[in-house]
Amino acid sequence: MVVIIVETSPSSENSADFIRLLTAYQPALRGLVAAMLPGSQDIDDILQDTNVVIWEKRNSYDGEAEFKPWAYGIARNKVRQYWAHKKQQMCVNLSDEFLDAVADARQIDHSDDFSKKRVALTQCLEQLKLRDRELIYACYEAREGLDSRVRKFELTAASIRVTTHRIRKKLRKCVERRILWQGGGV
Amino acid sequence: MKQELLESLIQNLIDGALTQDQFDRLDFELRSTPASMATYLAYVDLDNMMVLELEERHHNLGSVVPIERIIRRQKRRMLRTALLAAAAVVLLSLIGMQLFFIDTTLPPTLAFQTSPGTHFTITHAKAADAEDQSFSQQMEKGSRLQMSHGVVELSFSSGVKSIITGPADITLHEDDVLFLNHGIAWFHVPENAIGFQVKTRNAVVTDLGTEFGVISSNDRLDEVHVFDGKVEVVNRNSLRHKEVITAKHARIVGAAGRLKVTPLRVADFRKSLPTHDIPMIVFQDQFNSEGSGWEIEGKVRFVSGAYEVDSCRINTDGEDDHSGVHFNSEGREISALGNGYMVLGHDSRPAVNAVSTKILVKRGKSYTVYFRYTGSHNSAHRVTASLTLGAETSRTGELQAPEASWKSASFLFIPEASGEAILKFEDTGSSQGAKADLLIDSVVVASRLHHKRSPVDATDSDQRQQE
């Protein structure tokens, strides 16, 4: 979880509004960084760096234009800076065109959909068979701990990967259906 | 792009299990198809939300409970619930769950992983598109995996594990029956999977609780090697001999139906999946087809079996007079096939005697040449091997051939350009002296991707000699 620490005068109404705005957009900003850097272990670090820059530049936000594109622009730059530094060490080279295309596609998402998706996901997870739920939790509990998962679930590494893919696919479809039932867009 | 393939690529990208080629394909699809981009965003959102879900879960739980304890408690609860299954509530729950999930959580019969750089295709009895299924990396009854290069690890749901070195062609006949058309396969069978069978065109190998290897090839007789425990082997040919083979023993499956004793060769079998790309053999010759494809300078002969010149016979080590040793793609010595070899020079011939052939090389790859050599009658012979592309050459120095004893050598070539390189072996005019020849056998050229090192570590590619 990203913790936002800000220094502000409690009497500053504008600062309080800005903090509320920044907090409200945390899931969306995290979603942008995660989409541009899929599976990265550094998403929270990049998000924290983004928050610092957004806070430092808060005076340049005039409050008139939309917050989201302004904050997204800062996040995109942070991701590009990170990637320019990291890509030499990575097995797969994410092209600049890919990063831009994903960021552009993310731009049209609505933050309230993210909240609905979170609720839908919690419900969908409860519907999973016990073993599937424990397996998907274990996948996200310790992404590096493949050996321990192999031992715990008595499956081979390849079987764990295949089964995890199936569970994710089910969860995705479940979330999609629930959002549609609720009348929202996905 | 088919939806199943798209989703598999996306998930592998999230899991960090995608190659650059696969990513490039996915990249193009996402940027050209809005619906595919929407699917991608849905998956990264799911991944993102799962991370947040787990963080929240930790926060609510207060302390982390070991997963084993949770599973044990929940298994006990499930048993109690099952015993109370008369309740309509349970039925309604099942119906409710059906709205979201269909029970398909059984692991596949066989899942597989490949080493980096492996080239394979997979077809299924029911699938129409082999390419799509390549990314699922699982096999069911009737699935066939053909591997032109690389190594694959098979994990059966029964617990059987296998490492197969390509080129290979396997088909899953039943849950516990694998057909090995060709390839080098190692198997570990746990106790609960005893009875697991491997079939080749010439043999049926039934595991009786053990670790064993099977070699099947179009160029040689099938072999079964037992490392631990025992297996039953039935020869499918005429005489149909059957035998239980115990640990530390091996058999060749004869064409007439017998099982012939052969030395156990542990080194021929891989027991784990390589984490690096293994070299690929781009050229090899054991001279069993009388030297076709080689250009000759001076006097060169291609011989099979015993070396007999003017009623003289040299006694090199190995069966007949050929090299009993060949090389795999990594330069490891393995058993040779056939009994052919090449003889350069003869009987005081003063001119240089040489053979050469062309090999296609590519920039960005390195090429290692392995070969075996010996001198007949004396140790006066010297051999020089080289690989040349334009002005670029790598060569051994003049290697002195031992008398009547095969020796191995190798050298490395890293071309700066692509093209047809000339592989050459010559006796450098050393065939002087009575009845003296230079023998060459077991030539292998293996290539791998060349990763450039820093200038400090760079080696000189013009003159390199290894032995």
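Here the structure is shown first, and the text comes after it.
Counting restarts for each chain: residues are numbered from 1 in the order of the written sequence. Going through the entries in the order they are written, you letter the chains from A and number the ligands from 1. Note on the predicted model: pLDDT of at least 70 is required for a residue's local features to be given, and 80 or more for side-chain atom pairs to be given and counted; whole-chain, interface and lining totals, by contrast, use all residues. With hydrogens and water stripped out, all remaining heavy atoms of the structure feed into the side-chain values.

### Focus on the environment of B:D285
Residues and elements named next belong to chain B. In this fold, D285 is placed in strand β16 (residues 280-285). D285 gets classed as buried once you look at its relative accessible area, which sits at 11%. Taking the C-alpha atoms as reference points, D285 and V444, separated by 159 residues in sequence, lie 6.7 Å from one another. When checking whether two residues touch, look at their non-hydrogen atoms; a contact exists if any pair is within 4.5 Å. In this structure D285 touches S292, W294, H326, S442 and V443, once residues within four positions along its chain are discounted. We define a polar contact as two N or O atoms separated by no more than 3.5 Å, with the added condition that, inside protein, one atom must be a possible hydrogen donor and the other a possible acceptor, whereas residues neighbouring each other in sequence contribute only through side-chain atom pairs. Of the polar contacts made by the side chain of D285, one reaches the side chain of W294; its length is 2.7 Å. Note on conventions: DSSP H or I runs of at least 4 residues are helices, E runs of at least 2 residues are strands, and numbering of each starts at the N terminus. Think of it in three bands: residues with accessible area under 20% of the maximum for their type are buried, residues over 50% are exposed, and the middle band is partly exposed, with areas taken using a 1.4 Å probe on protein chains only.

### Description of the pattern of salt bridges
Residue and element names in this part refer to chain A. In what follows, salt bridge is the name for a side-chain nitrogen of Lys or Arg lying within 4 Å of a carboxyl oxygen of Asp or Glu. Per the stated rule, a full pass over the model turns up 23 salt bridges over all chains. Residues R30 and D44 are paired through a salt bridge, measuring 2.9 Å at the closest nitrogen-oxygen approach. With a gap of 14 residues between them, R30 in helix α2 (residues 26-36) and D44 in helix α3 (residues 43-56) connect regions that are remote in the sequence. Given the relative accessible area of 6%, R30 is considered buried. Residue D44 is classed as partly exposed on the basis of its relative accessible area, which comes to 23%. A single network of salt bridges, built from pairs that share partners, joins R76, R80, D100 and D104.

### Details of the state of the cysteines
Residue and element names in this part refer to chain A. The criterion for a disulfide is a pair of cysteine sulfur atoms lying within 2.5 Å. Tallied over the full model, the rule gives one disulfide over all chains. Residue pairing for C124: its cysteine sulfur links by disulfide to C174, the two sulfurs lying 1.9 Å apart. The sign of the S-S torsion, about -85 degrees, decides the handedness of the disulfide formed by C124 and C174: left-handed. Of this pair, C124 sits in helix α6 (residues 111-127) while C174 sits in helix α9 (residues 157-181), placing them 50 residues apart in sequence. Under the relative-accessibility criterion, C124 is labelled buried at 0%.

### Some words on the nonpolar core
For the purposes of this section, nonpolar cores are sets of buried Ala, Val, Leu, Ile, Met, Phe, Trp, Tyr and Cys residues that join through side-chain atoms within 4.5 Å. Core analysis: the largest hydrophobic core is formed by 49 residues, its most contacted members being A:L94, A:F98 and B:Y40. Breaking this core down by element, the ones donating at least two residues are α1 (13-24), α2, α3, α4 (67-86) and α5 (96-107) of chain A together with α1 (3-14), α2 (20-32) and α3 (34-61) of chain B. Among all residues touching A:L94, those that are not within four sequence positions of it are A:M36, A:L37, A:P38, A:W83, A:L99, B:L13 and B:F23. Residues B:F112, B:F156, B:A193 and B:V224 belong to the second largest nonpolar core, which totals 34 residues.

### Side note on the packing of aromatic side chains
Whether two aromatic rings pair depends on their centres lying within 6.5 Å, for rings of Phe, Tyr and Trp, where Trp uses its six-membered ring; planes under 30 degrees apart make the pair stacked, over 60 edge-to-face, and the rest tilted. The final tally for this structure, using the stated rule, is 20 aromatic pairs over all chains. Plain terms: the ring middles of A:Y25 and A:F67 are 5.3 Å apart, the flat faces sit at 50 degrees to each other, and that makes the pair tilted. Note that A:Y25 is positioned in the loop between α1 and α2 and A:F67 in helix α4, a separation of 42 residues in sequence. Here A:Y25 and A:F67 have matching classes, each one buried. Among the aromatic residues, those joined into a ring-pair cluster are B:F283, B:F287, B:W294, B:F302, B:F371, B:Y373 and B:F425. Note on criteria: charge over ring means Lys NZ or Arg CZ within 6 Å of the ring centre, with the direction from the centre no more than 35 degrees off the ring normal. Looking at A:R58, its charged tip hangs above the ring of A:W55, at a distance of 3.9 Å from the centre. The ring centre of B:F227 lies 4.8 Å from the NZ or CZ of B:K271, which sits over that ring.

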